[in-house]
Amino acid sequence: MADLVEKSKKLSAFAAVDENLKPDHKVIGIGSGSTVVYVAERVGQSTNKEKFVCIPTGFQSKQLIIDNGLHLGSPEQYPEIDIAFDGADEIDSNLSLIKGGGACLFQEKLVAASAKQFIVVADYRKDTGILGKGWRKGIPIEVVPMAYTKVSLELSKLGGKPNVRSGLPGKAGPVVTDNGNFIIDCDFGEISPESVADLNSKIKSLVGVVETGIFVGMAQKSYIGNSDGTISTKSA
Ligand SMILES: O=C(CO)[C@H](O)[C@H](O)COP(=O)(O)O
């Protein structure tokens, strides 16, 4: 099972890079997580790799770029990105995503929003069609630390079950993001594809919320590695 999942991650990542990375691309967004490890590996195998500048979505992503011998850039230097690749925690039928399982959602959204093309790579477990169906930990929401109780209260009023993400066993107290903030995981149950944008706007409007892990209308194409060794693609 674990081997099948790993193979499908690699399959999706390699196919996404091979089919979408073009000779005229210069600035590439590299996401976070275990699937993107294979994206960075494939980009690093490119004969053109010297001319790429790669923009990370967090600390792990930065290390992947360096370890694969790629040039590192920053979002400040490159507000326009030719193409970005990233993983997802769940994907719905409209290519809306839950992201932030690795607590990198702010920079992931910044990079995706700066990219002309945003491609999602994932194994077959992520493609459930409905957000909240397979990913039961809740929507990751990055909040300014001093606002976490206020935001939690308001998320409850919106019908969610908020939970500040713990840093245990590695750290006593909450997870602290690369930006010095907390993550609230808020369970809203299953979210129909039609109501995702509205829920996202409501969460985003709460004072203290830096960004949500709901990505609506951002992914242009998904590459899903299936358990039988095939790949399914979908375009928005
Ligand atoms: O959003 C993310 C990190 O914040 C990741 O993209 C998401 O968690 C998917 O990770 P993986 O490829 O390991 O399943």
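Only a predicted model underlies this, so the values are computations on that prediction, with no experimental measurement involved. (Residues numbered from 1 in each chain as written. Predicted model: local features only at pLDDT ≥ 70, side-chain atom pairs only at ≥ 80, totals over all residues. Heavy atoms only, no water.)

### Observations regarding the domain arrangement of the protein
Part 1: What the domain assignment reports for the protein is domain 1 (2-130 + 216-235) and domain 2 (139-213).
Part 2: Summarising the inter-unit geometry, the C-alpha centres of domain 1 and domain 2 are found 23 Å apart.
Part 3: Each partner contributes to the interface: domain 1 provides 19 residues, whereas domain 2 provides 20 residues.
Part 4: Between domain 1 and domain 2, a total of about 1,500 Å² is buried, with carbon and sulfur atoms accounting for 60% of that surface.
Part 5: The largest share of the area that domain 1 buries against domain 2 comes from Leu105, Phe106 and Lys109, three residues that together contribute 34% of it.
Part 6: The interface formed by domain 1 and domain 2 holds 1 salt bridge in total.
Part 7: Across the salt bridge formed by Lys109 and Glu211, the nearest N and O atoms sit 2.9 Å from each other.
Part 8: Viewed at the interface, domain 2 and domain 1 are joined by 6 residue pairs in polar contact (both at pLDDT 80 or more).
Part 9: For the side of domain 1 that touches domain 2, the secondary-structure elements that each account for two or more residues are strand E6 (97-98) and helix H4 (105-114).
Part 10: Of the residues forming the side of domain 1 that touches domain 2, the biggest block, 3 residues, is contributed by H4. (Domains from an automatic or database assignment. Contact = heavy atoms within 4.5 Å. Buried area = accessible area lost by both parts, 1.4 Å probe. Salt bridge = Lys/Arg side-chain N within 4 Å of Asp/Glu carboxyl O. Polar contact = N/O pair within 3.5 Å; in protein donor to acceptor, adjacent residues only side chain to side chain. Helix = DSSP H or I, 4+ residues; strand = E, 2+ residues; numbered from the N terminus.)

### Concerning the sheet that holds strand E9 (residues 139-143)
Part 1: Within the open sheet, the 4 strands sit side by side as E10-E11-E9-E12. Their pairing is antiparallel. Since the sheet does not close on itself, it has two edges, and those belong to strand E10 (161-164) and strand E12 (209-212), each with one partner. Strand after strand, the sheet turns through a mean of 30° between neighbouring axes, direction not considered.
Part 2: Pairing of E9 with strand E11 (residues 182-187), which is carried by 5 bridges, proceeds in the antiparallel orientation. The residue bridging Pro140 from the neighbouring strand is Asp185, located in E11. (Pairing = 2+ DSSP bridges. Axes fitted to C-alpha atoms, helices over the stretch in contact; angles between N-to-C directions.)

### With respect to the environment of Phe14
Part 1: Residue placement: Phe14 occurs in helix H1 (residues 2-20).
Part 2: Taking relative accessible area as the criterion, Phe14 reaches 15% and is therefore assigned buried. (Buried < 20%, exposed > 50% of the residue type's maximum accessible area, 1.4 Å probe, protein only.)

### Things to note about the site of the ligand
Part 1: The environment of the ligand is made up of 16 residues, and the closest members are Ser34, Thr35, Asp89, Gly100 and Lys126.
Part 2: One of the backbone nitrogen or oxygen atoms of Gly87 is found 3.4 Å away from an oxygen atom of the ligand.
Part 3: For the ligand, an oxygen atom lies 3.1 Å from a polar atom in the backbone of Gly102.
Part 4: Burial of the ligand by the protein amounts to 91% of the accessible area it has alone, namely 380 Å².
Part 5: More than half of the atoms belonging to the ligand lie within 2 Å of the grid points that define the largest pocket.
Part 6: Residues of the shell around the ligand, tallied by class, amount to 3 nonpolar, 8 polar and 5 charged. (Near = heavy atom within 4 Å. Areas by Shrake-Rupley, 256 points an atom, 1.4 Å probe, with all protein chains shown as cover. 1 Å grid on protein atoms, 1.4 Å probe; cavity = no way out; pocket = protein on both sides within 12 Å on 5 of 7 lines; lining within 4 Å. Sits in = over half its atoms within 2 Å of the grid points. Nonpolar A, V, L, I, M, F, W, Y, C, P; charged D, E, K, R; others polar.)

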